[in-house]
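# What the coordinates show
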Amino acid sequence: MLRGDLVPDSTYDQRLLDRKGPTDWLHMDPWRVLRIQSEFVEGFGSLANLPAAVTVFGSARTPRDSAEYDLGVRVGHALAKVGYAVITGGGPGVMEAANKGALEAGGVSVGLGIELPHEQRLNEYVDLGVEFRYFFVRKTMFVKYSSGFIALPGGFGTLDELFEALTLVQTHKVTSFPVILMGSEFWSPLVDWVSTTLAKTGKISPSDVDLLRVTDDPDEAVRIILEADRHRAGA
Ligand SMILES: CC(C)=CCNc1ncnc2c1ncn2[C@@H]1O[C@H](COP(=O)(O)O)[C@@H](O)[C@H]1O
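In this report, the structure presented in the accompanying data block is examined.

Definitions and limits used
Residues numbered from 1 in each chain as written. Predicted model: local features only at pLDDT ≥ 70, side-chain atom pairs only at ≥ 80, totals over all residues. Helix = DSSP H or I, 4+ residues; strand = E, 2+ residues; numbered from the N terminus. Buried ≥ 20, exposed ≤ 12 C-beta atoms within 10 Å, placed from the backbone. Contact = placed C-beta atoms within 7 Å. Pairing = 2+ DSSP bridges. Axes fitted to C-alpha atoms, helices over the stretch in contact; angles between N-to-C directions. Parallel < 35°, antiparallel > 145°, perpendicular 65-115°, else oblique. Left-handed = near helix turned anticlockwise from the far one by under 90°. Nonpolar A, V, L, I, M, F, W, Y, C, P; charged D, E, K, R; others polar. Near = placed C-beta within 6 Å. Expected span 1.5 Å × (residues − 1). Arc of directions from axis to C-beta. Right-handed = clockwise from strand over helix to strand, strands pointing away.

### Side note on the overall build of the protein
- Of regular secondary structure, the protein possesses eight helices and seven strands.
- Structurally, the protein occupies a C-alpha span of about 70 × 45 × 40 Å along its principal axes.
- Relative to its full complement of 235 residues, the protein shows a buried share of 34%.
- Considering only intrachain contacts with a sequence separation of at least 6, the fraction spanning at least 24 residues in the protein is 70%.

### Brief notes about the sheet that holds strand β2 (residues 85–88)
- Read from one edge to the other, the open sheet built from seven strands follows the order β4-β3-β2-β1-β5-β6-β7, with strand pairing classed as parallel. Of all strands in the sheet, those with a lone pairing partner are β4 (128–132) and β7 (212–215), marking the two edges. Across this sheet, the average inter-strand angle for adjacent strands is 25°, counted without regard to direction.
- Two elements, β2 and strand β3 (residues 109–114), share three bridges in a ladder whose sense is parallel. Each residue of the ladder has a partner; that of Val-86, found in β3, is Ser-109.
- Across the face of the sheet, helix α7 (residues 184–200) comes into contact with β6 (179–182) and β7 while running at roughly 150° to β7.

### Overview of the packing of helix α3 (residues 67–81) against helix α8 (residues 218–232)
- Running from N to C, α3 and α8 cross one another at 45°; their axes reach a closest spacing of 9 Å. With respect to their mutual orientation, α3 and α8 come out oblique. Relative to α8, α3 is oriented so that their crossing is right-handed. Contacts between α3 and α8 involve Arg-74, Val-75, Ala-78 and Leu-79 on the former and, on the latter, Pro-218, Asp-219, Ala-221 and Val-222.
- Grouping the constituent residues of the contact of α3 with α8 by class yields six nonpolar, no polar and two charged.

### Digging into the site of the ligand
- The local shell around the ligand holds 20 residues, among which Gly-89, Gly-91, Gly-154, Gly-155 and Gly-157 are the closest.
- Those elements that provide at least two residues to the shell around the ligand are β3 and α6 (156–170).
- If one sorts the elements of the shell around the ligand by residue count, α6 sits on top with four residues.
- Per-class residue counts for the shell around the ligand are seven nonpolar, eleven polar and two charged.

### Some points on α8
- Over its 15 residues, α8 extends 21 Å from the first C-alpha to the last, a length consistent with the 21 Å expected when each residue adds 1.5 Å.
- For α8, the set of buried residues is Pro-218, Ala-221, Val-222 and Ile-225. For α8, the angular spread of the buried residues around the axis is 95°, confining them to a single face. Seen from the buried face of α8, the exposed residues on the opposite side, beyond 90 degrees, are Arg-230 and His-231.
- Summarising the contacts, the buried residues of α8 are in contact with β1 (53–57), α3, β5 (149–151), β6 and β7.
- The positive-phi residue at the C-terminal boundary of α8 is Gly-234, with phi of around 80°.

### Comments concerning the packing of α3 against helix α4 (residues 94–104)
- With their axes 6 Å apart at the nearest point, α3 and α4 run at an angle of 40° to one another. The angle between α3 and α4 falls in the class oblique. In the crossing of α3 with α4, the sense of the turn from one axis to the other is right-handed. Mapping the contact onto sequence places Glu-68, Tyr-69, Gly-72, Val-73, Arg-74, Val-75, Gly-76, His-77, Leu-79 and Ala-80 in α3 and Val-94, Ala-97, Ala-98, Asn-99, Lys-100, Gly-101, Ala-102 and Glu-104 in α4.
- A per-class count over the contact of α3 with α4 returns nine nonpolar, five polar and four charged.

### Some thoughts on unusual backbone geometry
- One non-glycine residue, His-172, lies in positive phi territory at about 60°.
- Along the chain, the position of His-172 falls in the loop between α6 and β6.

### Re the pairing of β7
- Pairing of β6 with β7 involves four bridges; the strand directions are parallel. Paired with Ile-180 across the strands is Arg-213, a residue of β7.
- A crossover connection joins β6 to the parallel β7 through α7; in handedness this β-α-β unit is right-handed.

Printed below as a string of structure tokens:
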């Protein structure tokens with residue numbers, strides 16, 4: 001309620017119907033909320049009919065002629081072979097590799113892209129792509145539509161996604177949701193630090209260490225996810 005001098009000298013309708021005036025309001029928070037809302041609507045709408053899916057994370061910088069790229073392709077392939085859609089961030093590197101593997105195995109290959117300062121396109125192996133403005137909206141989609149996360153070697157982006165997934169599992173915000181690290185040589189210093197420094201100083205429970213599964217074998221990664229899916233279904 002507004003009274004006295006706080007009563008504006010025009011009405012909402014008047015301002016809506018008026019074409020004159022500055023446009024900075026477009027970038028104000030209340031309007032942003034509607035944009036955020038529209039991203040959720042578009043994301044949920046585009047992904048609603050996906051089959052069971054797994055998200056694969058990993059470096060945007062992995063070269064095509066590397067063993068890690070090859071591992072990404074094999075993971076995408078193995079997931080698609082048992083019917084999982086493969087979701088990635090839609091970018092280059094490991095994301096592209098996993099999309100490529102999924103597509104070549106006849107699976108559903110999904111890329112959830114993010115607007116970045118430099119020009120960026122979804123990689124060519126994405127068959128279902130959605131571009132997001134907001135990181136947090138995109139992250140909701142990764143979690144909501146995945147039966148598990150697989151992280152290949154990566155940098156800050158990968159670590160951010162990995163630890164978000166772990167926190168959600170640790171706090172029971174998601175259930176039966178395996179988090180798998182692939183590339184044991186790359187990840188073992190981190191796993192050691194988690195099980196020594198973090199667990200021994202009481203920053204996590206000793207059992208939290210087991211939330212991280214490590215393997216170099218794509219079929220083993222798929223087995224872990226299938227098992228968790230079966231467990232969730234009560235089989
Ligand atoms: C060449 C280059 C840097 C392109 C960046 N293009 C990107 N496109 C889409 N998702 C991305 C991109 N960079 C980072 N991400 C997100 O962060 C993770 C990789 O970050 P990083 O390279 O590990 O830290 C990915 O799983 C992805 O979800």
